[in-house]
Amino acid sequence: MDGFGIGASVRRKEDKRFLTGKGTYTDDINRPGQLMAFLLRSPHAHATIGAIDTAEAKAAPGVVAVFTGAELADPELKVGGMPCGWLITSKDGSPMVEPLRPLLAQGKVRHVGEPVAVVVAETYAEAEAAAELIGVDYAELPAVVAMDKAIKPGEPLLFDSAPNNLCFDWHLGDKAAVEAAFARAHHVTRMDLVNNRLVSNPMEPRAAIGEYDAATEDYTLYTTSQAPHVHRLLIGAMILQLPEHKLRVVAPDVGGGFGTKGSIYNEQALVLWLAARLGRPVKWTANRSEIFLTDNQARDHLTTAELALDKDGKFLAMRVATLANLGGYLGAFAPAIPTWCYGTLLAGCYATPAIYVEVKGVFTNTAPVDAYRGAGRPEACYVVERLVDRAARETKIDPIELRRRNFIATDAYPYATPVGLTYDSGDYFKTLDMAIAAADHAGFEARRQEAASRGKLRGIGIAAYIEACAMAPSVMAGQLGARAGFYESAQVRVHPTGGITVFTGSHSHGQGHETTFAQLVSDRLGLALNQIDIVHGDTAKIPYGMGTYASRSLAVGGTALVKAMDKIVNKGRKIAAHMLEAAEADIEFADGKFTVAGTDRSKTFSEVAFSAYVPHNYPIETLEPGLDETAFYDPANFTYPAGCYVAEVEVDPETGDTALVRFTGADDFGRIINPMIVEGQVHGALVQGIGQALYENAVYDTETGQLQTGSFMDYCMPRADNFVPFALETNVTLCAHNPLGAKGCGEAGTIGSPPAIMNALLDALTPLGITDLDMPATPERLFRAMARQR
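Residues numbered from 1 in each chain as written. Predicted model: local features only at pLDDT ≥ 70, side-chain atom pairs only at ≥ 80, totals over all residues. Heavy atoms only, no water.

Caption draft 1: Fine view of the overall build of the chain. Counting its secondary structure elements, the chain contains 21 helices and 28 strands. Relative to the 2.2 N^0.38 estimate, which gives 28 Å for 790 residues, the radius of gyration of the chain is 28 Å and therefore close to what a compact globule would have. Considering only C-alpha atoms, the chain reaches an extent of 90 × 75 × 50 Å along its principal axes. Taken over 790 residues, the chain has a buried fraction of 61%. For the chain, contacts bridging at least 24 residues in sequence account for 80% of all contacts bridging at least 6. Accessible area for the chain stands at about 28,500 Å²; split by element, carbon and sulfur atoms hold 53% of it. Here the chain carries 70 positive and 93 negative side-chain charges, and the mean point of each set is 2 Å from the other. (Helix = DSSP H or I, 4+ residues; strand = E, 2+ residues; numbered from the N terminus. Rg over C-alpha atoms; globule rule 2.2 N^0.38 Å. Buried < 20%, exposed > 50% of the residue type's maximum accessible area, 1.4 Å probe, protein only. Contact = heavy atoms within 4.5 Å. Areas by Shrake-Rupley, 256 points an atom, 1.4 Å probe, with all protein chains shown as cover. Lys, Arg positive; Asp, Glu negative; His and termini not counted. Charge placed at Lys NZ, Arg CZ, Asp CG, Glu CD.)

Caption draft 2: Spotlight on the nonpolar core. If you look at the biggest cluster of nonpolar residues, it comprises 121 residues, and the most contacted ones within it are Leu346, Tyr423 and Leu761. Top element by residues in this core is helix 20 (residues 748-765). It accounts for ten residues. Leaving out residues up to four positions away in the same chain, leucine 761 has contacts with Val649, Val651, Thr658, Leu694, Leu773, Ala777 and Leu782. Core analysis: the second largest hydrophobic core is formed by 47 residues, Val10, Val562, Phe605 and Val608 among them. (Core = buried A, V, L, I, M, F, W, Y, C linked by side-chain atoms within 4.5 Å.)

Caption draft 3: Region of interest: the pairing of strand 27 (residues 658-668). Of all eleven residues in strand 27, eight are buried, a share of seventy percent or more. Direction of pairing for strand 26 (residues 642-651) relative to strand 27: antiparallel, over a ladder of ten bridges. Within strand 27, the residue paired with glycine 643 across the bridge is aspartate 667. From the end of strand 26 to the start of strand 27, which pair antiparallel, there are six residues, and glycine 656 there has a positive phi angle of about 80 degrees. Sheet topology note: the strand 27/strand 28 (residues 727-731) ladder contains five bridges and is parallel. Each bridged residue has a counterpart across the sheet, and for aspartate 667 the counterpart in strand 28 is threonine 730. One crossover worth recording links strand 27 to the parallel strand 28 by way of helix 19 (residues 675-694), and it is right-handed. (Pairing = 2+ DSSP bridges. Right-handed = clockwise from strand over helix to strand, strands pointing away.)

See the structure below:
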């Protein structure tokens, strides 16, 4: 329908409840008779645990129970450890080291903030006060934080099963072909790169409420989750060892996920176990300090990268070696992020013939590292685009020209990369041209001179990005080590008067699914948006689905919805043919009407729906009543959004302060359903990406393992006044393997913006002799770099 369907910038339906304070987040939920839980956490990064004295805490006012890891270790309780959802195999064929991760520490703690005991009381204040009374006999051990130190012989070991703190030693690509290419190269560019550690800091902290019904032996978990069914499987079946259907997981409104809430956490399983044990609901909500200490963190790579070029500036090969910090334990999907989600994207947008990458996953005495917006793709793009810019400077080839010489040709699709992916569509030349035109690249030198007249150093930087989204076919993921499928589901329930309720396995935590999915239904079935409801987040209502991450909701979840609607329309044709006394083959459906081809005889969608539920004039002999269809969709390939960003910065040489003065770009997300929502998604991702480049950094003391940036006083978050309006263009090449032609948009900004910013900074600073710089490019870091050149 015009104004509501595909391509319309419809205002988000869900925003009314959010803007009027009517949203329901997990902490807004309170169950009758609920208790409150507080977790006592380790103050040490590495220590053995001796005796734990809980007697005084148990006697404290309001306290109902206190439990420690030693008690949960009782095999009769059948409480398992936290499972990892992805198995990585090392280059020698051995499986990764997969240590036990208990719900409460057992015998040893491996990072500051690891839970040691849980106190359950009538109120949160009583539980917190009682936790102060617990005495823990710690024997502190040397901590190891730096990856390059952790893998050396003789350093402290987190696990006896992981010599040299190594979880895996993985590789991908043709090593021999790469070495041969480097041997004949005219020029080799080499770089050491740091991808800084981040804390995702969603606005809503994690929370969980566990409830148990003794009469039915059913459990309910209300929690901040991006993937309710995945959480039901991992927590219910694997940790608590329940029949999976006995656990209901409800993820209500979620205030930001960013991948962090896609993982499972100790507290989610604990509140369920406690609720059954104590016979009352148990609630836990994190404070911001706990978010800093215990939420999965992100990035944290040390990389050496090399690019071989011929005399004409054509890429011959790339060689990459990365140390990836995994923290103190494996997160749910942690092993996949620096391997398959990273190494497979090192081809970037370029026709590099040979690539070889090796990645060592390293345990350290820090918080676990797992998925965060982009999840491996930003790290890969940062390596590629920093390396390309450095090569351009060293070979004295214009950075734009060097990229053009090496882009994948527009007629080369499907294009098989040397690192295992097959790109199905794209036009990187066009997005580059659109981005530099929008940036007025030709006028940059005049702006540089004007900035110089004010005493500022101005630079411009470019980054071309590509990402792999939607998580590909389940069969491929299984072959690569995934312990889950990656399909999606949708159920379309047509009501007797023609209204629609969609039950989707995707989950919305800021993406606007209640609007965009309704637009898909409006476009296909010809209904007004107020006739369409979207339901998600409750495993008791929705079909089994895999949730939302990897920019997959539209490409995978939306396609499942389209397939379910196709079934609705096909059944509707049969009903309409009977009602109109016509052949089914002669029935056409468009604009909400079933029409006999070539005539003006028709039935509205609502009339057909009514007949399906009140089957007085209905083909009951051949067709069952009702109009309710379900579809599952497992994608044939990843989708490949791509684009180009151009950043301009000004640096104050007296203070090192950096100002972002222009930011332009062109993205190719395939078909766009709601341009306004897409623009908002890109803006949010850009802020996070630019935040990594300029401001954010999680820092641990290298001797003690204490988090030194454990609050907003120390961890610098980007602010609105740090940014200028983004000028974004959109190119469209359709995805070739899903009916929507959609590719995904939610993570692109985090992928392309960090190298664009850093390339711009180095363009500004190169005249001073500064040729390298690590993120985040803080004023102090820039000031010190400039001082060294004086």
